[in-house]
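Here are the chains, one letter per residue:
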Amino acid sequence: MKTALPLALVLLSPAGAIAETFPADRITAAATGDWDRDGRQDLVLIVRPAEGSDDDNGVYIYLADDGEPRLSLKVAAPNKIWGSTTVFGQEAGVTALSNGSISITSQNSAIGRDRWEQSLTVAYRNSRFVVAGYTYSAYDTLDPNHTESCDLNVLTGKGTANGKPIATKGEQVSLEAWNDDIGQKACGLEQQ
């Protein structure tokens with residue numbers, strides 16, 4: 001992430017090759033990797049909403065241009081990932097996975113009795129970014145017997161929920177079209 005943030009600042013500056021869509025000081029997390037497996041480094045950003053907005057964080061994915069020393073915006077998904085930049089334990093995050101996919105995380109491990117963690121695995125398939133995996137776990141701090149968990153391969157529709165196998169229709173849902181209710185419903189879990 002240390003190399004990705006300065007890169008993002010250059011890309012989003014007026015001298016950068018792409019139009020500025022948000023101020024660089026709103027970037028809260030970044031990761032680099034080769035998402036499209038072309039041998040060049042790409043970039044994903046988590047961006048907090050504008051001051052005073054009730055929106056969630058946005059996810060922006062950039063791919064290296066073919067034969068050009070710049071990145072181009074391929075996915076703009078504002079209001080996509082829940083999280084706070086002012087409360088420890090509610091941060092959204094992003095990580096480059098060794099297989100070329102992206103892990104986008106959100107959590108509430110800080111406030112209230114309902115604590116949860118969620119991870120979306122995003123993969124580049126057929127020239128678009130799709131949610132390939134959905135992982136969710138939750139527990140109630142006042143009722144230790146109340147826990148929930150799900151690990152779902154969205155592409156195949158197979159996984160486990162609360163320790164039992166599940167199967168649903170596999171599908172390719174673009175990151176822009178993804179809604180957490182899709183994963184919660186497929187897993188048969190209570191809505192967060």
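Quick note: structure is the one above.
An account of the accompanying structure is given in this report. The model shown is predicted, which means the values in this text are computed figures rather than measured ones.

## Quick notes on the packing of aromatic side chains
Reasoning step 1: Counting across every chain of the model gives five aromatic pairs.
Reasoning step 2: Taking the centre distance of 5.4 Å and the plane angle of 55° together, the rings of Trp82 and Trp116 count as tilted. Of this pair, Trp82 sits in the loop between β4 (71–81) and β5 (93–96) while Trp116 sits in strand β7 (residues 114–125), and the two are 34 residues apart along the sequence.
Reasoning step 3: Trp116 gets classed as buried once you look at its relative accessible area, which sits at 11%.
Reasoning step 4: Measuring from centroid to centroid gives 5.8 Å for Tyr134 and Trp178, while their planes differ by 45°, and the two rings are tilted. Linking Tyr134 in strand β8 (residues 128–140) with Trp178 in the loop between β12 (173–174) and α2 (180–187), this pair joins segments that are 44 residues apart in sequence.
Reasoning step 5: Here the aromatic cluster, defined as three or more aromatic residues joined through ring pairs, consists of Trp82, Trp116, Tyr134, Tyr136 and Trp178.

## What to know about the pairing of strand β11 (residues 164–167)
Reasoning step 1: Across four bridges, the pairing between strand β10 (residues 158–161) and β11 is antiparallel. For Gly159, the partnering residue across the bridge sits in β11 and is Ile166.

## Considerations on the side chain of Ser103
Reasoning step 1: Inspection of the secondary structure puts Ser103 in strand β6 (residues 102–108).
Reasoning step 2: There is a polar contact of 3.2 Å between the side chain of Ser103 and the side chain of Ser119.
Reasoning step 3: Those residues in contact with Ser103 that sit more than four places away from it in its chain are Gly93, Val94, Thr95, Leu97, Ser119 and Leu120.

## Here's the deal with the side chain of Asp42
Reasoning step 1: By secondary structure assignment, the location of Asp42 is in strand β2 (residues 42–47).
Reasoning step 2: Lacking a salt bridge, the buried Asp42 has Arg40 as its closest oppositely charged neighbour, with an N-O distance of 6.2 Å.
Reasoning step 3: At 2.9 Å, the side chain of Asp42 and the backbone nitrogen of Trp35 are in polar contact.
Reasoning step 4: Side-chain polar atoms of Asp42 contact the backbone nitrogen of Ala64, separated by 2.7 Å.

## Remarks on the state of the cysteines
Working definition: the covalent bond between the sulfur atoms of two cysteines is a disulfide.
Reasoning step 1: Tallied over the full model, the rule gives one disulfide.
Reasoning step 2: The partner cysteine of Cys150 in its disulfide is Cys187, sulfur to sulfur 1.7 Å. The S-S bond linking Cys150 to Cys187 shows a torsion near -60°; that makes this disulfide left-handed. Highlighted residues: Cys150 in strand β9 (residues 143–153) and Cys187 in helix α2, separated in sequence by 37 residues.
Reasoning step 3: The class of Cys150 is buried, set by a relative accessible area of 4%.

## Quick word on the environment of Arg48
Reasoning step 1: Turning to its location among the elements, Arg48 is positioned in the loop between β2 and β3 (57–64).
Reasoning step 2: Contact partners of Arg48, with chain neighbours within four places excluded, come to Asp25, Arg26, Thr28, Asn57 and Thr85.
Reasoning step 3: Only 3.4 Å separates the side chain of Arg48 from the backbone oxygen of Asp25, close enough to count as a polar contact.

Conventions adopted
Residues numbered from 1 in each chain as written. Predicted model: local features only at pLDDT ≥ 70, side-chain atom pairs only at ≥ 80, totals over all residues. Heavy atoms only, no water. Phe/Tyr/Trp six-rings, centres within 6.5 Å; stacked < 30°, edge-to-face > 60°. Helix = DSSP H or I, 4+ residues; strand = E, 2+ residues; numbered from the N terminus. Buried < 20%, exposed > 50% of the residue type's maximum accessible area, 1.4 Å probe, protein only. Pairing = 2+ DSSP bridges. Polar contact = N/O pair within 3.5 Å; in protein donor to acceptor, adjacent residues only side chain to side chain. Contact = heavy atoms within 4.5 Å. Lys, Arg positive; Asp, Glu negative; His and termini not counted. Salt bridge = Lys/Arg side-chain N within 4 Å of Asp/Glu carboxyl O. Disulfide = S-S within 2.5 Å.

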